[in-house]
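Read off the chains here:
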Amino acid sequence: MAGPSTRVFISHLSAIAVFDPNGDQVGRVRDVVVSLRLGGRPPRVLGLVVEVVGRRRIFLPMTRITSLESGQVLTTGVINLRRFEQRPSETLVLAELLDRTVTWSKTGEDVTVLDVGMVQTRLREWEISKVFVQLGRAGRLRKGKGERLTLDWQDVTGFSLPEQDQGAANLLATFEQLRPADLASVMHHLSAKRRAEVAAALDDERLADVLEELPEDDQVEIIGKLKEERAADVLEAMDPDDAADLLSELPGDEAERLLQLMEPDEAAPVRRLLTYEEDTAGGLMTTEPVVLEPDATVAEALARVRIRDHKPALAAQVFVCRPPNETPTGRYLGTVHFQRLLREPPYVLVGSLVDDDLDPLPPDTPLSLITSYLATYNLVAAPVVDEADHLLGAVTVDDVLDHLLPDDWRDAALHADDDRHDRHDRQDHREGVTGGR
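Residues numbered from 1 in each chain as written. Predicted model: local features only at pLDDT ≥ 70, side-chain atom pairs only at ≥ 80, totals over all residues. Heavy atoms only, no water.

Draft legend 1. How the structure looks around the packing of helix 8 (residues 240-248) against helix 10 (residues 264-274). Two numbers describe how helix 8 lies on helix 10: the axes approach to 9 Å, and their chain directions differ by 60°. Relative to helix 10, the element helix 8 is oriented oblique. In this structure, helix 8 crosses over helix 10, and the sense of that crossing is right-handed. For the pair helix 8 and helix 10, contact is made by Pro240, Asp241, Ala243, Ala244, Leu247 and Ser248 and by Pro269, Val270, Leu273 and Leu274, respectively. Tallied by class, residues from the contact of helix 8 with helix 10 come to eight nonpolar, one polar and one charged. (Axes fitted to C-alpha atoms, helices over the stretch in contact; angles between N-to-C directions. Helix = DSSP H or I, 4+ residues; strand = E, 2+ residues; numbered from the N terminus. Parallel < 35°, antiparallel > 145°, perpendicular 65-115°, else oblique. Left-handed = near helix turned anticlockwise from the far one by under 90°. Contact = heavy atoms within 4.5 Å. Nonpolar A, V, L, I, M, F, W, Y, C, P; charged D, E, K, R; others polar.)

This is how it looks when you write it as structure tokens:
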């Protein structure tokens, strides 16, 4: 991926080739999808529209892109081939922003957008940072006429979302910085109609993160109001164990339809999880732990656990297995904990560091024994292994807590937030009346 100081002008991406890790061409870039934000803040780049075989256009999230250099796009190789459908909160740069007349705030002059540049932030997200413009309105430009200059995004007006009549997009822009759990709290207290509007405007990954934090009733309601293909996309973006929990709440025929709409590789681990009893290691585990082969180095292991998408409990250790590395893996060899990785030189092989003293959990281990296992050995995650020594997944402490707490604990937590806010409001009111700050 290009570094934080690298700027990419979006018109240069048009029609360039997209390749998978094996060097095979996937398609060509046709546009860039961004989300405009309030207050003049630079838009967030969501992904690329890529044209594949048969002139079909699909969406490639920025999180699936590993490089934008040398006139080509490289991907992770995991691509959803469903047809791209633009959502209300999304803007296409080439189709909707270029040739648009905006205002240069410094002089009040009309300028026409010729190109926009995006840059990767320190958080590894992409956002629009620059606007390449020509003085004058779009219909009045002549070849070779009008000064051209590059402006900061904040130096032009006419792009950002208007303050009124933005519907769900306005709400999403307002709460964009919220953690998924906090946005879930906001959505939980909206009307059903408003909740559906917000869900429709969220991108798949953001909606998946929020669904994982909502009570089951809200999850079922939201997923039931999405088009089935969109619902399948969201389920693919969820952690497999959370997707399995949600599908288990749906009628069997509806759950099966959604599973059939999911990509086979994405649906397979969810189907496996649905075969286990809910309160067992198999039913609680995630099928996406950090797995390495024994000849991987400590440096490689640290790079893997550093990936932002890994939850803290899963990033606390790597599981060492024979290939294949996808669950179910080859023979499970043992675990290397994060602290051990920090104490070893980067060139040491993880196969020489495995902790194999603890027996892994069979998939039918009941919840009570899982809890005792984690507490006894001070672990935040435990490997789940079948009779043939294949690693099936890992049970994390947060998943165990989800099942130890009362069924309505998410509702209770959300209402507790309301109570805290009410107490703070009353306290502020009393302090205001009595002359407090």
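Draft legend 2. Broad picture of empty space enclosed by the protein. Tallying each qualifying case throughout the model produces one cavity of 30 Å³ or more. Of the voids in this model, the largest cavity is the one considered here, and its volume is about 90 Å³. Along its surface, the largest cavity is lined by Tyr332, Thr335, His337, Asp355, Leu358, Tyr373, Leu379, Ala381 and Pro383. Elements represented by at least two residues in the lining of the largest cavity include exactly strand 16 (332-337) and strand 17 (381-385). Tallying contributions element by element places strand 16 first for the lining of the largest cavity, with three residues. Its residues placed into classes, the lining of the largest cavity shows six nonpolar, two polar and one charged. (1 Å grid on protein atoms, 1.4 Å probe; cavity = no way out; pocket = protein on both sides within 12 Å on 5 of 7 lines; lining within 4 Å. Points joined across faces, edges and corners; volume = space filled by probe spheres on them.)

Draft legend 3. Just the packing of aromatic side chains, in detail. On inspection of all chains with the given rule, the structure shows three aromatic pairs. Ring geometry for Phe59 and Phe84: centres 6.1 Å apart, planes at 25°, overall stacked. Residue Phe59 is located in strand 5 (residues 56-61), and its partner Phe84 is located in the loop between strand 7 (72-75) and strand 8 (91-92); the two are separated by 25 residues in the primary sequence. Relative accessible area serves as the criterion here: at 26%, Phe59 is assigned to the partly exposed category. Residue Phe84 is classed as buried on the basis of its relative accessible area, which comes to 17%. Both rings, one in Tyr373 and one in Tyr377, keep their centres 5.4 Å apart while their planes meet at 70°; by these two values the pair is edge-to-face. (Phe/Tyr/Trp six-rings, centres within 6.5 Å; stacked < 30°, edge-to-face > 60°. Buried < 20%, exposed > 50% of the residue type's maximum accessible area, 1.4 Å probe, protein only.)

Draft legend 4. Looking closely at the side chain of Ser129. Locating Ser129 in the fold gives a position in strand 11 (residues 126-135). Setting aside anything within four residues of it in sequence, one finds Ser129 in contact with Arg7, Gly117, Met118, Val119, Leu151, Asp152 and Trp153.

Draft legend 5. Representation of the packing of helix 9 (residues 252-261) against helix 10 within the structure. For the pair helix 9 and helix 10, the least separation of the axes is 9 Å and the interaxial angle reads 150°. Judged by the inter-axis angle, helix 9 sits roughly antiparallel to helix 10. Crossing geometry of helix 9 relative to helix 10 is assigned as left-handed. Between helix 9 and helix 10, the contacting residues are Glu256, Leu259 and Gln260 on the first element and Ala267, Val270, Arg271 and Leu274 on the second. Across the contact of helix 9 with helix 10, the residue classes break down as four nonpolar, one polar and two charged.

Draft legend 6. Quick look at the confidence of the model for the protein chain. With 86% of its residues at a pLDDT of 70 or more, the protein chain shows a mean pLDDT of 85. Low confidence marks residues 162-166, where pLDDT is under 50. Its contacts with residues over four positions away, or in another chain, come to five contacts. When the criterion is pLDDT under 50, residues 417-437 qualifies, and its contacts beyond four places in sequence or with other chains add up to four contacts. (pLDDT = per-residue confidence, 0-100.)

Draft legend 7. Highlighting the sheet that holds strand 15 (residues 317-321). Spatial ordering of the open sheet is given by 14-15-16, a layout of three strands whose pairing is mixed. The open sheet has two edge strands with one neighbour each: strand 14 (291-292) and strand 16. Judged from the five bridges that link them, strand 15 and strand 16 form a sheet pairing that is antiparallel. Note on strand 16: the bridge partner recorded for Gln317 is His337. (Pairing = 2+ DSSP bridges.)

Draft legend 8. A look at the pairing of strand 11. In terms of burial, strand 11 is largely enclosed, as eight of its 10 residues are buried. Count of turn residues in the strand 10 (residues 109-120)/strand 11 antiparallel hairpin: five residues, of which Arg124 carries a positive phi of about 70°.

Draft legend 9. How the structure looks around the nonpolar core. In terms of nonpolar packing, the biggest core is built from 46 residues, with Ile223 and Leu235 touching the most fellow members. Apart from residues lying up to four places away in sequence, Ile223 is in contact with Leu211, Ala231, Val234, Leu235, Leu246 and Leu250. If you look at the next biggest cluster of nonpolar residues, it comprises 40 residues, including Ile65, Ile79, Trp104 and Trp126. (Core = buried A, V, L, I, M, F, W, Y, C linked by side-chain atoms within 4.5 Å.)

Draft legend 10. Representation of a nonpolar patch on the surface in the model. Nonpolar side chains collect at one region of the surface, where Val380, Val397, Leu401, Leu404 and Leu405 lie side by side and expose about 370 Å² of accessible area between them. Residue placement: Val380 occurs in the loop between helix 14 (367-376) and strand 17. Taking the relative accessible area as the measure of exposure, Val380 reaches 35% and is therefore partly exposed. (Patch = residues over 30% accessible without salt bridge, like charges linked within 9 Å, V, L, I, M, F, W, Y side chains within 5 Å. Areas by Shrake-Rupley, 256 points an atom, 1.4 Å probe, with all protein chains shown as cover. Salt bridge = Lys/Arg side-chain N within 4 Å of Asp/Glu carboxyl O.)

Draft legend 11. Representation of the environment of Val397 within the structure. For Val397, the location among the structural elements is in helix 15 (residues 397-404). Residue Val397 is classed as partly exposed on the basis of its relative accessible area, which comes to 31%. In this view, Val397 contacts Leu374 and Val380; residues no more than four positions away in its chain are not counted.

Draft legend 12. Representation of the pairing of strand 7 within the structure. The two faces of strand 7 differ: Val73 and Thr75 on one face are buried, but Gln72 and Leu74 on the other face are not. Inspection of the sheet shows strand 2 (residues 17-19) paired to strand 7 by three bridges, in the parallel sense. For Val18, the partnering residue across the bridge sits in strand 7 and is Val73. Two strands pair when backbone bridges link them, and strand 6 (residues 65-67) and strand 7 are joined in this way by two bridges, in the antiparallel orientation. Of the residues in strand 7, the one forming a bridge with Ser67 is Leu74.

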